[in-house]
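Each chain is listed here by its residues.
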Amino acid sequence: MNYQNILENIYNQVQPFLNEGKQADYIPALAKVNPEQIGVCLINMKGEQYSMGNAETRFSIQSISKVFALAMALNLEGSNLWKRMGKEPSGTSFNSLVQLEIEKGIPRNPFINAGAIVIADILLSHLANPEEEFIDFVRSIAQSETVNYNFSVARSERTCGYLNAAIANLLKYYNNIENDIEHVLQFYCLMCSIEMNCKELSQAFLCFADHTKEFNYKGVRLSSSQVKRINAIMQTCGFYDESGEFSYRVGLPGKSGVGGGIAAIYPQRYAVTAWSPRLNSKGNSVVGMKILELLTTETKESIF
Ligand code: DON
């Protein structure tokens, strides 16, 4: 498959969509990013890389970090994790409070904010140095020692994150948070603030792309079933209340973030990341989704 030609073609085709949507501004630091950027990088199982545009520009990965946090939490808790959250699509926005109240403090899945806040709590309970251990794990799967948190983005989100604070309070009320709420929220925002580029994200997601290979990075060891199941949750819950639409248009497991990144996996073939900051009303990158839709359409490669 000539992925380089295909990506170049797609890159030209998505230019007219560059002005559609709106970049996230509820985290003030994200509103400062130049929205007229597009990056894409595909890495296959042989390690061959194909990229276009701003593939080496780092951006805020935001909710994409929830996949890495889930991997760590599954390693620590195994199936006990599912006593504290579900694995069903939520059908509501990523920061919804309503469902959490009706379901008595048990988040629908690990990728909505409520679920990821419980995961942050679990990591704090288990790890001696959670901040260090989390970034070390991400650096190791991304094969990049310079990947880091952006402390000012984390602070910017924590200062204005009233909705996440409400979610954390509701979780605590239902006894689904063990640690101090402020500490949990700070750690959650820090995980979301990691900056990576399309190449680094694709490299990191490649570790999840083949569940038949051993997953063992910085002490995070997952069984082949666990890796397979992380992919399953990405497929059903990776795009919040647009997971069905993503599945329909793209047909790959993946995860988005409000920084405009989308990382996706073709199991046993490749990992691909597309980035462009402007988002649709569900919080997913307009151009990112378009790129991946064109990729699976033009290559006729998808899991379906
Ligand atoms: O908690 C938040 O709202 C952000 N740190 C992450 C949200 C996010 O990326 C949702 N993604 N599409």
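### A short note on the side chain of Q99
Here comes step 1: In this structure, Q99 sits in helix α3 (residues 98-102).
Here comes step 2: A relative accessible area of 13% places Q99 in the buried class.
Here comes step 3: A polar contact of 3.3 Å, which involves the side chain of Q99, links it to the side chain of T92.
Here comes step 4: The contacts of Q99, once residues within four sequence positions are left out, are S90, T92 and R108.

### A closer look at the site of the ligand
Here comes step 1: Y26, Q62, S63, E157 and Y188 are the nearest of the 14 residues found near the ligand.
Here comes step 2: The separation between an oxygen atom of the ligand and a polar side-chain atom of Y188 is 2.6 Å.
Here comes step 3: In the environment of the ligand, an oxygen atom lies 2.9 Å from a nitrogen or oxygen atom belonging to the backbone of V258.
Here comes step 4: Contact with the protein chains removes 100% of the 340 Å² of surface that the ligand exposes when unbound.
Here comes step 5: Residues belonging to the shell around the ligand are distributed by class as follows: 6 nonpolar, 7 polar and 1 charged.

### Let's talk about helix α9 (residues 198-206)
Here comes step 1: For α9, the buried fraction is high: 8 of the 9 residues fall into the buried class.
Here comes step 2: The N-cap residue of α9 is N197: its side-chain oxygen and the backbone nitrogen of K199 are 3.0 Å apart.

### With respect to the pattern of salt bridges
Here comes step 1: Under the defined criterion, the tally for this structure stands at 15 salt bridges.
Here comes step 2: Across the salt bridge formed by E36 and R278, the nearest N and O atoms sit 3.0 Å from each other. One end of the pair, E36, is in the loop between α1 (3-14) and β1 (39-44); the other, R278, is in the loop between β9 (270-275) and α12 (286-299), and 242 residues separate them in sequence.
Here comes step 3: For E36, a relative accessible area of 43% corresponds to the partly exposed category.
Here comes step 4: On the basis of relative accessibility, which here comes to 17%, the residue R278 falls in the buried class.
Here comes step 5: Between E293 and R249 there is a salt bridge, with the nearest N and O atoms lying 2.8 Å from each other. Residue E293 is found in helix α12, and its partner R249 is found in helix α11 (residues 243-249); the two are separated by 44 residues along the sequence.
Here comes step 6: The buried category is assigned to E293, whose relative accessible area is 18%.
Here comes step 7: Judged by relative accessible area, R249 falls into the partly exposed class, the value being 23%.
Here comes step 8: Taken together, the shared-partner salt bridges connect E245, R249, K290 and E293 into one network.

### Topic: the sheet that holds strand β7 (residues 254-256)
Here comes step 1: Across the sheet, which stays open at both edges, the 5 strands sit in the order β2-β1-β9-β8-β7 with antiparallel pairing between neighbours. Because the sheet does not close on itself, it has two edges, and the strands there are β2 (49-53) and β7. Within this sheet the neighbouring strands show an average axis-to-axis angle of 5°, counted without direction.
Here comes step 2: Where α9 meets the sheet, its contacts fall on β1, β2, β7, β8 (261-266) and β9, and the angle it forms with β1 comes to roughly 30°.

Cut-offs used in this document
- Residues numbered from 1 in each chain as written.
- Predicted model: local features only at pLDDT ≥ 70, side-chain atom pairs only at ≥ 80, totals over all residues.
- Heavy atoms only, no water.
- Helix = DSSP H or I, 4+ residues; strand = E, 2+ residues; numbered from the N terminus.
- Buried < 20%, exposed > 50% of the residue type's maximum accessible area, 1.4 Å probe, protein only.
- Polar contact = N/O pair within 3.5 Å; in protein donor to acceptor, adjacent residues only side chain to side chain.
- Contact = heavy atoms within 4.5 Å.
- Near = heavy atom within 4 Å.
- Areas by Shrake-Rupley, 256 points an atom, 1.4 Å probe, with all protein chains shown as cover.
- Nonpolar A, V, L, I, M, F, W, Y, C, P; charged D, E, K, R; others polar.
- Salt bridge = Lys/Arg side-chain N within 4 Å of Asp/Glu carboxyl O.
- Pairing = 2+ DSSP bridges.
- Axes fitted to C-alpha atoms, helices over the stretch in contact; angles between N-to-C directions.

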